[in-house]
Amino acid sequence: MGILANTLVIGIFGLLGSVLRKTVSKDKFRILGICIVIVSVVGFSENVYTVQNGKLISGSLTLLLIAFIIGNELGEGLRINQHLSNLGKSGNAARNAIIDSFLYFGIGGLQICGPIAMVTNGDNSQLFLKSAIDIPFAIMFGATYGPWAAVAAIPVALMQVVIALMAWFMGGFFTDQVVKDVCSLGFIILF
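So, here's what we can say about the structure. Computed from a predicted model, the values in this text were never measured in an experiment. (Residues numbered from 1 in each chain as written. Predicted model: local features only at pLDDT ≥ 70, side-chain atom pairs only at ≥ 80, totals over all residues. Heavy atoms only, no water.)

1. Remarks on the overall build of the protein chain
What the protein chain contains, in helices and strands, is 10 helices and 2 strands. Along its sequence from the N terminus, the protein chain presents helices and strands in the succession α-α-β-β-α-α-α-α-α-α-α-α. For 191 residues, the compact-globule estimate of 2.2 N^0.38 gives 16 Å, and the protein chain sits close to it at 17 Å. Here the protein chain, with 191 residues, has 38% of them falling under the buried criterion. If you sum the accessible surface of the protein chain, you get close to 10,800 Å²; carbon and sulfur atoms cover 70% of it. Between the mean site of the 11 positive side-chain charges and the mean site of the 9 negative ones, the protein chain shows a separation of 13 Å. (Helix = DSSP H or I, 4+ residues; strand = E, 2+ residues; numbered from the N terminus. Rg over C-alpha atoms; globule rule 2.2 N^0.38 Å. Buried < 20%, exposed > 50% of the residue type's maximum accessible area, 1.4 Å probe, protein only. Areas by Shrake-Rupley, 256 points an atom, 1.4 Å probe, with all protein chains shown as cover. Lys, Arg positive; Asp, Glu negative; His and termini not counted. Charge placed at Lys NZ, Arg CZ, Asp CG, Glu CD.)

2. With respect to helix α6 (residues 109-121)
Considered for burial, the residues of α6 that qualify are Gly109, Leu110, Gln111, Cys113, Gly114, Pro115, Ile116, Ala117 and Met118. Following α6 by one or two positions, Gly122 adopts a phi angle in the positive range, close to 65°.

3. Focus on the pattern of salt bridges
One pass over the full model with this rule turns up 1 salt bridge. We note a salt bridge from Asp134 to Lys130, for which the minimum N-O separation is 2.5 Å. Of this pair, Asp134 and Lys130 both sit in helix α7 (residues 125-145), 4 residues apart, roughly one helical turn. One exposure class covers both Asp134 and Lys130, and it is buried. (Salt bridge = Lys/Arg side-chain N within 4 Å of Asp/Glu carboxyl O.)

4. Digging into the packing of aromatic side chains
This model, assessed by the stated rule, comprises 6 aromatic pairs. Both rings, one in Tyr104 and one in Phe105, keep their centres 5.0 Å apart while their planes meet at 80°; by these two values the pair is edge-to-face. Of the two residues, Tyr104 and Phe105, neither departs from the other in class, the shared state being buried. Three or more aromatic residues joined by ring pairs make a cluster, and in this case those are Tyr104, Phe105, Phe137, Phe141 and Tyr145. (Phe/Tyr/Trp six-rings, centres within 6.5 Å; stacked < 30°, edge-to-face > 60°.)

Okay, here's the thing in structure tokens:
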């Protein structure tokens, strides 16, 4: 249910933004960038730190940082950023709109943890939260890129389905701590 809700939000509000593109002031959306930073920091902290006896405790911060460093080095080695930039530099406006929109909507803690929580706990709340957060951004992307931004809903949904299927097949692997660690990495990536 959560995957469907998020898909519909990106598609419908992306189209709405493209229809309202002349009345949507993109300058007013700068504050949303700050909101994403706040959501990222809170989401990361919530998954990494606990308070025990009045002390802030982190069980896996070092492991997360090592994973982040290794992931960054792999990404640099495989030149993922360069490949994505090259895809986005094509003269094809539709493809650029879909890629930019997908990269925004398809990366982050809620994008990763939502499908996992849906499968492991039957909890759609993270995907519903992601849907609510995505509404203003879908409008902004639609106003900026036109109706092609709404098409990003398809690869985002496919990615969520793949993550959900992985969680389903690897159910025993996704303990509460592993889910928290994976979510923390997602929030670092979003940040």
